[in-house]
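# Analysis of the macromolecular model
Here are the chains, one letter per residue:
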Amino acid sequence: MADPNMKILVVDDFSTMRRIVRNLLKELGFANVSEAEDGVDALNKLRSEGNFEFVVSDWNMPNMTGIELLRNIRADAALKHLPVLMVTAEAKRENIIEAAQAGASGYVVKPFTAATLDEKLKKVFATMQK
Amino acid sequence: MTTPTPRKKRTKLSDAKVEKIGLATARLHRILKELGHTRHLEKSASTMPDARERLSFIDRSMHEASEKTISAVEASLPLTSANRATCSDLSIRLADANFGKKNEALVMETISKLGEIAMAEESVRHNLMQIMEAQEFRDVAGQMVNKIVDAAVEIENILLDILKEYAPDTKDSLISKEGLTAGPGHQTKDSVNGQDEVDDLLASLGL
């Protein structure tokens, strides 16, 4: 089972969505959650705080999109190991394939439930332990 | 021997065609003016900012409603947890306490009711989580509204272009475009249906 104190970064330009994801994570036992409003903000936080262990990111955001954030994370030696779960309304096949090829750890389409999020998190943790 | 005539470029319009288009344009210009259609166009264009304002109102209302709902849920969740803990604690203490034979039935009934209250609180908590999850509509619906706003802005720009062409005295711009985000849009043929298909696709990609 994953560490409940694991520090998680939730990235979404909609404040409502960030609140929902934060609450769902809390429901699943993860209370150590920070928020970022776009990819640029996220990358700054990941680099300056340096102790995040998991990223949950939206795709469609201004300044830097989720897929760009994912590519930046994978290209950064200090961050590339970070699991990144994409949570997005982009349901096109090409989006999912692009995310997988860019190194996403999981992909959840909105709208989703706490149960879906739980399942995906567990799957990512299981893969990490392999 | 005859010299070959150079081939005409297909894209080049003949003078006759150019003249025809010119005449048609002039005619359209005249008709628009005569029939007062420029006013209709102007009216159509001027309704766009109104449409945009209404859509913005919808977006704002959705946002406020979602925020209020989530705040209420956040305030209620700890209450249900506290109530369940209280029920459990009281039940244990009541079961251990000695109220005598006379009160035994009442104590048993109280313990049983406390159990029922705890179960009801669990249902309330479950429902609160569902209310929270339902607020997700705000995200996708908000992006959809933004898409429609984009379309309204585009239609207005087209109408204004026509107006500028045929009625140069019309105001330059009736609205200014705000920075709008692209949205998820409607489902295209290439879209997946739900998480199951996402998972299937991911599995096929080895994820």
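## With respect to the overall build of chain A
Counting its regular elements, chain A contains five helices and five strands. What you see in chain A, going N to C, is helices and strands ordered as β-α-β-α-β-α-β-α-β-α. Within the span of chain A, comprising 130 residues, buried residues form 46% of the whole.

## As for the environment of A:Glu68
Residue and element names in this part refer to chain A. Structurally, Glu68 is set in helix H3 (residues 66-75). Looking at Glu68, the number of C-beta atoms within 10 Å reads 17, which means it is partly exposed. Distance from Glu68 to Ala99, taken between C-alpha atoms, is 9.8 Å for residues 31 residues apart in sequence.

## Structural notes on the interface of chain B and chain A
Between chain B and chain A, the contact holds 30 residues from the first and 27 residues from the second. Elements with a minimum of two residues in the side of chain B that touches chain A: helix H2 (37-96), helix H3 (104-134), helix H4 (137-166) and helix H5 (194-204) of chain B. Its residues placed into classes, the side of chain B that touches chain A shows twelve nonpolar, eleven polar and seven charged.

## Things to note about helix H4 (residues 93-102) of chain A
Residues A:Asn95, A:Ile96 and A:Ala99 constitute the buried set of H4(A). Axial view of H4(A): buried residues confined to an arc of 95 degrees, hence all on one face. Along H4(A), the residues that are exposed and aim more than 90 degrees away from the buried face are A:Glu94 and A:Gln101. Looking at the buried residues of H4(A), the elements they touch are H3, strand E4 (84-88) and strand E5 (106-109) of chain A together with H5 of chain B. A:Gly103 sits one or two residues past H4(A) and shows a positive phi near 100 degrees.

## Points about the confidence of the model for chain B
Residue and element names in this part refer to chain B. Residues with a pLDDT of 70 or more make up 79% of chain B, whose mean pLDDT is 79. Across chain B, the element-wise mean pLDDT spans from 76 in helix H1 (residues 15-34) up to 94 in H3. When the criterion is pLDDT under 50, residues 170-186 qualifies, and its contacts beyond four places in sequence or with other chains add up to 30 contacts. This prediction of the complex comes with two scores: 0.69 for pTM and 0.78 for ipTM.

## Thoughts on the nonpolar core
Among the nonpolar cores identified, the biggest contains 42 residues, and A:Leu9, A:Val11, A:Val21, A:Val56, A:Met86 and A:Val108 are the most heavily contacted of them. At five residues, helix H1 (residues 15-27) of chain A tops the list of elements feeding residues into this core. With residues near it in sequence (within four places) discarded, A:Val11 still touches A:Ala36, A:Gly39, A:Ala42, A:Val55, A:Val56, A:Ser57, A:Asp58, A:Gly66 and A:Leu69. The next biggest cluster of nonpolar side chains, apart from the first, holds five residues, and it includes B:Met48, B:Leu159, B:Leu160 and B:Leu163.

## Points about the packing of H4(A) against H5(B)
Between H4(A) and H5(B), the least distance of the axes is 10 Å, while the angle of their chain directions is 45 degrees. One element, H4(A), and the other, H5(B), form an angle in the oblique class. Note on packing geometry: the crossing formed by H4(A) with H5(B) is right-handed. Taken together, the residues of H5(B) that come into contact with H4(A) (itself represented by A:Arg93, A:Ile96 and A:Ala100) are B:Val198, B:Leu201 and B:Leu202. Its residues placed into classes, the contact of H4(A) with H5(B) shows five nonpolar, no polar and one charged.

Criteria and thresholds
Residues numbered from 1 in each chain as written. Chains lettered and ligands numbered in written order. Predicted model: local features only at pLDDT ≥ 70, side-chain atom pairs only at ≥ 80, totals over all residues. Helix = DSSP H or I, 4+ residues; strand = E, 2+ residues; numbered from the N terminus. Buried ≥ 20, exposed ≤ 12 C-beta atoms within 10 Å, placed from the backbone. Contact = placed C-beta atoms within 7 Å. Nonpolar A, V, L, I, M, F, W, Y, C, P; charged D, E, K, R; others polar. Arc of directions from axis to C-beta. pLDDT = per-residue confidence, 0-100. Core = buried A, V, L, I, M, F, W, Y, C linked by C-beta atoms within 7 Å. Axes fitted to C-alpha atoms, helices over the stretch in contact; angles between N-to-C directions. Parallel < 35°, antiparallel > 145°, perpendicular 65-115°, else oblique. Left-handed = near helix turned anticlockwise from the far one by under 90°.

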